[in-house]
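Breakdown of the fold
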Amino acid sequence: SRPRLPCGLSDSPHRGCRGAPPSAFPLASRAPPGRGSVMHTFLGPAQGMAVVPYCTDGDVTAWACTQRAVRLTLTAEPVWRVMLAVHFRPALALLGQLASPPEQPEAVAAQLPGETLKQVYALLRKTSAQPFVLEPRARLLLEIHELQEWDRHQRQFTVQRQAESMARALGRDETAEQLCRVMAPEALELISLQVMMGNGKSPRLQELSGVLWSPNVNEELRQLMEKRSQKRRMWWQRQREYLLQDLAWR
């Protein structure tokens, strides 16, 4: 004979406690739904636009391959516009500042044709600061304050290049030319830091495609190099004073 369960409990799949209706325990009376139906229930347009800012385009592409409903949600134009506005906000904000009247990043992304969203996203993601890229060992050739300046100017130069690419995708050729001129000061800062690394040579300015130089660019570079050399000497002098103070205390 089967053992008697304590009062109020039952081994029946339809009763878990006294007085509870069968519908209170639906998973006990039927098989759990498949993963696809759970995903379909969860992921709608609003959820998709809330999640994609935390995903790369590769993540979204892989996720879209899991189910047809997910693919329809993640390939919608609003989703990719959100990704553009969030992932490349500094570049779109810079481009919006040059518009008349000024535009928010979301407004800039909204002007792209739907069929070009993925291509423009891939273009901005591939944009780099070449030739201003340092290998790990090369970073050791710069002083601490110079390395901080390098990282700051490199980030800004990349943002400017992304904004210029976005302007051309929108057909704003005049704004793109303006951005090419805006890049020149950042590029000069990076060139001067490359020279400070010890080789004494700077890249040929004409080889930096996408940058429009002023007629006095060579003089500007010379003045910038003088300032950097003076700043480095002051840095060394300060470090020497700190070292002497440390030795005196001991």
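Just so it is clear, the structure is predicted and the values come from calculations on it, not from any experiment.

Parameters and conventions
Residues numbered from 1 in each chain as written. Predicted model: local features only at pLDDT ≥ 70, side-chain atom pairs only at ≥ 80, totals over all residues. Heavy atoms only, no water. Helix = DSSP H or I, 4+ residues; strand = E, 2+ residues; numbered from the N terminus. Buried < 20%, exposed > 50% of the residue type's maximum accessible area, 1.4 Å probe, protein only. Contact = heavy atoms within 4.5 Å. Areas by Shrake-Rupley, 256 points an atom, 1.4 Å probe, with all protein chains shown as cover. Phe/Tyr/Trp six-rings, centres within 6.5 Å; stacked < 30°, edge-to-face > 60°. Salt bridge = Lys/Arg side-chain N within 4 Å of Asp/Glu carboxyl O. Patch = residues over 30% accessible without salt bridge, like charges linked within 9 Å, V, L, I, M, F, W, Y side chains within 5 Å. Core = buried A, V, L, I, M, F, W, Y, C linked by side-chain atoms within 4.5 Å. Domains from an automatic or database assignment. Expected span 1.5 Å × (residues − 1). Axes fitted to C-alpha atoms, helices over the stretch in contact; angles between N-to-C directions. Parallel < 35°, antiparallel > 145°, perpendicular 65-115°, else oblique. Left-handed = near helix turned anticlockwise from the far one by under 90°. Nonpolar A, V, L, I, M, F, W, Y, C, P; charged D, E, K, R; others polar.

Structural notes on the overall build of the chain
The number of helices and strands found in the chain is 12 helices and zero strands. Overall, the chain shows an N-to-C arrangement of helices and strands of α-α-α-α-α-α-α-α-α-α-α-α. Split into buried and exposed, the 250 residues of the chain put 36% on the buried side. Considering only residue pairs separated by 6 or more positions, the chain has 69% of its internal contacts joining residues 24 or more positions apart. Here the chain displays about 16000 Å² of accessible surface, and carbon together with sulfur accounts for 56% of that area.

A look at the packing of aromatic side chains
Tallying each qualifying case throughout the model produces four aromatic pairs. Taking 5.1 Å as the distance between ring centres and 70° as the angle between the ring planes, the aromatic pair formed by phenylalanine 88 and tyrosine 121 counts as edge-to-face. Of this pair, phenylalanine 88 sits in the loop between α6 (77-87) and α7 (89-97) while tyrosine 121 is found in helix α9 (residues 117-126), placing the two residues 33 residues apart along the sequence. You can call phenylalanine 88 buried: its relative accessible area is 8%. Each ring, one from phenylalanine 132 and one from phenylalanine 157, has its centre 5.4 Å from the other, and the planes form 85°; the classification is edge-to-face. In this pair, phenylalanine 132 sits in the loop between α9 and α10 (144-169) while phenylalanine 157 sits in helix α10, placing the two residues 25 residues apart along the sequence. Grouping aromatic residues by their ring pairs yields a cluster made of Trp80, Phe88 and Tyr121.

Structural notes on the pattern of salt bridges
Taken as a whole and assessed by the stated rule, the structure comprises 13 salt bridges. For arginine 228, the salt bridge goes to glutamate 149, with nearest N and O atoms at 2.8 Å. With a gap of 79 residues between them, arginine 228 in helix α12 (residues 217-249) and glutamate 149 in helix α10 connect regions that are remote in the sequence. Accessibility assignment for this pair places arginine 228 and glutamate 149 in one class, buried. Residue glutamate 164 is joined to arginine 168 by a salt bridge in which the shortest nitrogen-to-oxygen separation is 2.4 Å. A residue pair is termed a helical-turn pair when its members lie 3 or 4 positions apart in one helix, as glutamate 164 and arginine 168 do in helix α10 at four residues. Among the charged side chains, a network of salt bridges with common partners joins Glu149, Glu189, Arg228 and Lys231.

Focus on a nonpolar patch on the surface
There is a patch of nonpolar side chains on the surface, built from Leu243, Leu244 and Leu247 and spanning about 290 Å² of accessible area. On the secondary structure map, leucine 243 appears in helix α12.

Topic: the nonpolar core
A general trend in soluble globular proteins is that nonpolar side chains are found buried together. Ranked by internal contacts, the top residues of the largest apolar core, which has 32 residues, are Leu74, Leu84, Leu95 and Met166. No other element matches the five residues that α6 contributes to this core. Residue assignment places this core across two domains, with domain 1 (44-75) and domain 2 (87-241) each supplying three or more. One finds Ala138, Phe157, Val195 and Val217 within the second-largest nonpolar core, a separate group that totals 22 residues.

Regarding the environment of leucine 98
Inspection of the secondary structure puts leucine 98 in the loop between α7 and α8 (105-110). You can call leucine 98 partly exposed: its relative accessible area is 28%. A sequence separation of 80 residues divides leucine 98 from glutamine 178, and the C-alpha atoms of the two residues are 8.8 Å apart. With residues up to four places along the chain from it excluded, the contact list for leucine 98 reads Thr175, Gln178 and Leu179.

Thoughts on α12
Over its 33 residues, α12 extends 48 Å from the first C-alpha to the last, a length consistent with the 48 Å expected when each residue adds 1.5 Å. The complete set of buried residues in α12 reads Val217, Leu221, Leu224, Met225, Arg228, Arg232 and Trp235.

A few points about the side chain of glutamine 154
Mapped onto the secondary structure, glutamine 154 falls in helix α10. A relative accessible area of 19% means that glutamine 154 is categorised as buried.

Description of the packing of α6 against α9
The geometry of α6 relative to α9 is characterised by a closest axis approach of 10 Å and an angle of 20° between their N-to-C directions. With respect to their mutual orientation, α6 and α9 come out roughly parallel. The chirality of how α6 crosses α9 is left-handed. Where α6 approaches α9, its residues Glu77, Trp80, Arg81, Met83, Leu84 and His87 are matched on the opposing element by Leu117, Lys118, Val120, Tyr121 and Leu124. Taken together, the residues that form the contact of α6 with α9 break down as seven nonpolar, one polar and three charged.

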